[in-house]
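# Residue-level structural notes
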Amino acid sequence: MKVIILGSNGQLGSEFVDFLEDKVDLFSFSHKELDILNLRVLIEKFSVIKPDIVINCAAYTNVDKAEDEEDIAYLTNVIGARNSSYVSYKVNSKIIFFSTDYIFNGTKNSPYTELDEPNPLSIYGKTKLLGEINTKLYNPNHLILRISWLYGLKGINFIKKIIDLSKVNEAIKVVDDQIGTPTYTFDVVKQTYELIKKDYVGLFHSSNEGFTTWYQFSIKIVEKLNLNVEIIPIKTEELKQKAKRPKYSVLENYNLKLENLNIMRHWNEALEDFFNKYKGKFI
Ligand SMILES: NC(=O)c1ccc[n+]([C@@H]2O[C@H](COP(=O)([O-])OP(=O)(O)OC[C@H]3O[C@@H](n4cnc5c(N)ncnc54)[C@H](OP(=O)(O)O)[C@@H]3O)[C@@H](O)[C@H]2O)c1
């Protein structure tokens, strides 16, 4: 099986590279090596490689910055999704796209399923929703996985931010009124691989199980890593972030469960595993 990974230096992209290296014929491209906005080069590369699967991990992911950089967020998440989907279709390949819990507005107070209507609050959320639409539109052989609050070894994430902040602060303020599910890159990769092996298509919510708040999540991180810092719970309004976030964005892996495909663990178990594997590497 020939697999192309786009955005291979990101959090999720690099996890895919590690996992698939010894399982498939792998062609991974970082942003520098292949820009998904360059349609001509995408066509050239895909035509030569003739992949079976294209995994699009390339994205604009800075939620607050996107409010000021709408054009580049739109280009990357919407036009880039169109390009990679269209070119994968041209070479008879499946396209895989990752979306987010931030496509929902957070007014529901039970987990969001694939049946719920998206209504994003932020530019980032809007561009990801349009990215889903473009992925579907240009290649019927698509998989779309919606994930949330992602963390992994490489790249920037909440765990690393807490570690970094704890080195220069005695106390850190963390919001306690946004509810969601931390999700480990390794689990997303394994779940995606299950779907690839069984040749599934369509839309799947694919977060770890359970839920928490950013505050409770940070407490777990501090305890687990013995960080010498106090965590102070605050309300979202106090943070004055540029982008609005959903107050509640727990994803129910409804389709995965209905089809007996769900292998996502509880977020606590996944986090435990992550710390056991990498504890020494980022402290
Ligand atoms: N992070 C989260 O909490 C989260 C939550 C839900 C869903 N997701 C989704 O999950 C996916 C993976 O996220 P992630 O956290 O792994 O993101 P990430 O760490 O920010 O990685 C994204 C990668 O895409 C690359 N990239 C940006 N523009 C590109 C372009 N035009 N052509 C090729 N590559 C480009 C970036 O390279 P440069 O850095 O060099 O520009 C970066 O390596 C994304 O679709 C994201 O929307 C993420």
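Read on for a plain summary of the structure. (Residues numbered from 1 in each chain as written. Predicted model: local features only at pLDDT ≥ 70, side-chain atom pairs only at ≥ 80, totals over all residues. Heavy atoms only, no water.)

## Regarding the packing of helix α5 (residues 158–168) against helix α7 (residues 214–225)
As a reminder of what qualifies: In this analysis, axes come from line fits to C-alpha atoms, helices being fitted only over the stretch in contact, and the angle between any two N-to-C directions falls in the range 0 to 180 degrees. Only runs of H or I of at least four residues qualify as helices and only runs of E of at least two qualify as strands under DSSP, and these elements are numbered from the N terminus. We call two directions roughly parallel when the angle between them is under 35 degrees, roughly antiparallel when it is over 145, roughly perpendicular when it lies between 65 and 115, and oblique otherwise. Here a crossing is called left-handed whenever its near helix is offset anticlockwise from the far helix by less than a right angle, and right-handed whenever the offset is clockwise. Contacts are assigned to residue pairs with any non-hydrogen atoms lying within 4.5 Å of each other.
Relative to each other, α5 and α7 sit at 60°, their axes nearing to 10 Å. As far as their axial angle goes, α7 and α5 are oblique. Our pair here, α5 against α7, has a crossing hand that is right-handed. Only Trp214, Phe217, Ser218, Ile221, Val222 and Leu225 of α7 make contact with α5, whose side of the interface consists of Phe158, Ile159, Ile162 and Ile163.

## Observations concerning the pattern of salt bridges
Note the following rule: Every case where a carboxyl oxygen of Asp or Glu lies within 4 Å of a side-chain nitrogen of Lys or Arg is listed as a salt bridge. We call a residue buried when its accessible area falls under 20% of the maximum for its residue type, exposed when it is over 50%, and partly exposed in between, using a 1.4 Å probe and counting protein chains only.
As enumerated under the stated definition, the model contains 17 salt bridges in all. For aspartate 199, the salt bridge goes to lysine 94, with nearest N and O atoms at 3.3 Å. Placement of the pair is aspartate 199 in the loop between α6 (185–197) and β10 (202–205) and lysine 94 in strand β4 (residues 94–100), with a sequence separation of 105 residues. The exposure class assigned to aspartate 199 is exposed, which follows from its relative accessible area of 54%. Taking the relative accessible area as the measure of exposure, lysine 94 reaches 1% and is therefore buried. By sharing partners, the salt bridges in this structure join Asp177, Glu237 and Lys247 into a single network.

## Some remarks on the pairing of strand β1 (residues 2–6)
Convention followed: Pairing between strands is defined by DSSP: at least two bridges between them are needed.
The buried fraction of β1 amounts to 4 of the 5 residues, a majority that puts the element mostly inside the structure. As paired strands, β1 and strand β2 (residues 25–29) are joined by 5 bridges and run parallel to one another. Within β2, the position partnered with isoleucine 5 by the bridge is serine 28.

## Some words on the site of the ligand
To keep it simple, the criterion reads: One heavy atom within 4 Å of a molecule or strand makes the whole residue count as near it. Under this definition, polar contacts are N or O atom pairs within 3.5 Å; protein pairs additionally need one hydrogen-donor-capable and one acceptor-capable atom, and for neighbouring residues in sequence, both atoms have to be side-chain atoms. Exposure was quantified through the Shrake-Rupley algorithm and a 1.4 Å probe, taking into account, for residues, occlusion by the shown protein chains and nothing else.
The local shell around the ligand holds 22 residues, among which Leu12, His31, Thr61, Tyr124 and Lys128 are the closest. Contact between the ligand and glycine 10: an oxygen atom at 3.2 Å from a main-chain N or O atom of the residue. A distance of 3.2 Å separates an oxygen atom of the ligand from a polar atom in the backbone of alanine 59. Here the ligand, which alone exposes 900 Å², has 79% of that area covered by the protein. Broken down by secondary-structure element, the contributors of at least two residues to the shell around the ligand are α1 (11–20), β4 and α4 (123–138).

## Here we look at the packing of aromatic side chains
Keep this limit in mind: Each Phe, Tyr or Trp ring, with Trp reduced to its six-membered ring, pairs with another whose centre is within 6.5 Å; inter-plane angles below 30 degrees give stacked pairs, above 60 give edge-to-face pairs, and intermediate values give tilted ones. A positively charged side chain is recorded as over a ring if its NZ (Lys) or CZ (Arg) lies within 6 Å of the ring centre. The angle to the ring normal must also be within 35 degrees.
This structure, assessed with the given rule, holds 20 aromatic pairs. Between the aromatic rings of phenylalanine 158 and phenylalanine 217, the centroid separation amounts to 5.3 Å while the plane-to-plane angle is 20°, which identifies the pairing as stacked. Pair noted here: phenylalanine 158 is in helix α5 and phenylalanine 217 is in helix α7, with a separation of 59 residues, a long-range link. A single burial state applies to phenylalanine 158 and to phenylalanine 217, both of which are buried. Pairing tyrosine 184 with phenylalanine 186 gives two aromatic rings, centres 5.9 Å apart and planes at 40°, and the pair type is tilted. With relative accessibility at 19%, the residue phenylalanine 186 sits in the buried group. Above the plane of the ring of phenylalanine 19 lies lysine 23, whose end atom (NZ or CZ) is 3.9 Å from the centre. The ring of phenylalanine 186 carries lysine 277 above its face, with NZ or CZ at 4.2 Å from the centroid.

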